[in-house]
Amino acid sequence: MPDSVKQSLTADTSATKCERCNGSGMYIFQQRASEYAKKNGKDHIYGERDPLIWVGTKCPYCNGGFADNVSIAKKDAELPSAFYNKRLKDFDWDIYVDDTGKPANTLGTRKAEEAYIEKFEAAEEENKGFYIYSRTKGSGKTFLASCICNELMSNRAIRTRFVNASQLIDISQSGDKSSYDEYKRNPTKLVYECKFLVLDDLGQKNTGGEWLEDILYKLLDYRMLNKRMTMITSNIPMQELPYNERILDRINNLCVGVHLPEICVRSKEARESNKRLFDKLGLL
């Protein structure tokens, strides 16, 4: 391979790189000279020979602007600020230890999350996200969902939207009708159409009743029929959600259940943070 081609393939144009073009913005491949000439309306100059030649084109995966696409995806995603830049490497699975010091078995869940990111195309073909649940509040569901979002945006520039389920009514009623931006005019458009949606904390009580159910049904139905991927977090197992059969059927079609241990890691992290503060203040 020519040095110029190698340089193009290895060019580090941003901290986040397209998996196909390695951040160069160019997709480099080999093509028969006759095929290249025919496709581009050029003369075939090799006579009877038809060698393979190196050809470069704007990367079809990131459209030659991967870093810009990642930046746009991050801006629109509206991840919780505490987890804005968190990746799977930041998720501490070893923190799941009960009060007796016994570690929880998280191997299956951890492998599922890692495989989901690594082999995302398989999940994409089936239009499946995870239903991440644990009855225990503060068990890390929102954190884990945020990490998955960041992996998909950083590695694939996938357009993502993160929404707390209780916000759906407010979003449906908002919008700046005078804006030239279609997503500002109709904020629900991105929630419906984004490639990857996270509905966080689904199943809360007293968050809209029948009105929320109507919005939720229309949203999930659209995403199922149009093959838009959806991930959900909840304190309630899927089959126990307080919704009608139509909604439960669509959640079941869109998601695969993944359970986090019934351990409140948030309270553990708070205690450790308090301890660090007292240590810095010389109070320990």
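None of the values given here were measured: they were computed from a predicted structure.

Thresholds applied
- Residues numbered from 1 in each chain as written.
- Predicted model: local features only at pLDDT ≥ 70, side-chain atom pairs only at ≥ 80, totals over all residues.
- Heavy atoms only, no water.
- Helix = DSSP H or I, 4+ residues; strand = E, 2+ residues; numbered from the N terminus.
- Buried < 20%, exposed > 50% of the residue type's maximum accessible area, 1.4 Å probe, protein only.
- Contact = heavy atoms within 4.5 Å.
- Areas by Shrake-Rupley, 256 points an atom, 1.4 Å probe, with all protein chains shown as cover.
- Pairing = 2+ DSSP bridges.
- Axes fitted to C-alpha atoms, helices over the stretch in contact; angles between N-to-C directions.
- Polar contact = N/O pair within 3.5 Å; in protein donor to acceptor, adjacent residues only side chain to side chain.
- Left-handed = near helix turned anticlockwise from the far one by under 90°.
- Nonpolar A, V, L, I, M, F, W, Y, C, P; charged D, E, K, R; others polar.

S.K.: Requested: an account of the overall build of the chain, with residues and values cited.
M.R.: Check the secondary structure of the chain and you find 12 helices and 7 strands. Every one of the 284 residues in the chain was classed for burial, and the buried ones make up 40%. Across the chain, the fraction of contacts at a sequence separation of at least 24, relative to all contacts at a separation of at least 6, is 74%. Only carbon and sulfur atoms are counted for the fraction: they give 47% of the accessible area of the chain, which is about 16400 Å².

S.K.: Tell me about the sheet that holds strand β7 (residues 255-259), and name the residues and values.
M.R.: As summarised here, the arrangement of the 5 strands in space is β4-β5-β6-β3-β7, forming an open sheet in which the pairing is parallel. Where the open sheet ends on each side, the last strands, each with one partner, are β4 (160-164) and β7. Across the sheet, the axes of successive neighbouring strands diverge by a mean angle of 15 degrees, strand direction being ignored. Two strands pair when backbone bridges link them, and strand β3 (residues 129-133) and strand β6 (residues 229-234) are joined in this way by 3 bridges, in the parallel orientation. Across the sheet, the residue bridging to Ile132 is Thr233, located in β6. Against the sheet, helix α4 (residues 107-118) engages β3, β5 (196-202), β6 and β7, with an angle of about 150 degrees to β3.

S.K.: Residues and numbers for the side chain of Thr109, please.
M.R.: By the secondary structure assignment, Thr109 is in helix α4. Relative accessible area serves as the criterion here: at 14%, Thr109 is assigned to the buried category. Within the structure, the side chain of Thr109 is placed 3.1 Å from the backbone oxygen of His259, a separation counted as a polar contact. Every residue in contact with Thr109, bar those within four places of it in the chain, is listed here: Trp93, Val258, His259 and Leu260.

S.K.: Just give me the short version of the packing of helix α10 (residues 209-225) against helix α11 (residues 245-254), but keep the residues and values in it.
M.R.: One can describe the packing of α10 onto α11 by two numbers: an axis separation of 9 Å at closest approach and a directional angle of 35 degrees. Considering only the axes of α10 and α11, their crossing is left-handed. Contacts from Glu213, Leu216, Tyr217, Leu220, Asp221, Arg223 and Met224 in α10 reach Arg246, Ile247, Arg250, Ile251, Asn253 and Leu254 in α11. Here the residues of the contact of α10 with α11 are counted per class, giving 7 nonpolar, 1 polar and 5 charged.

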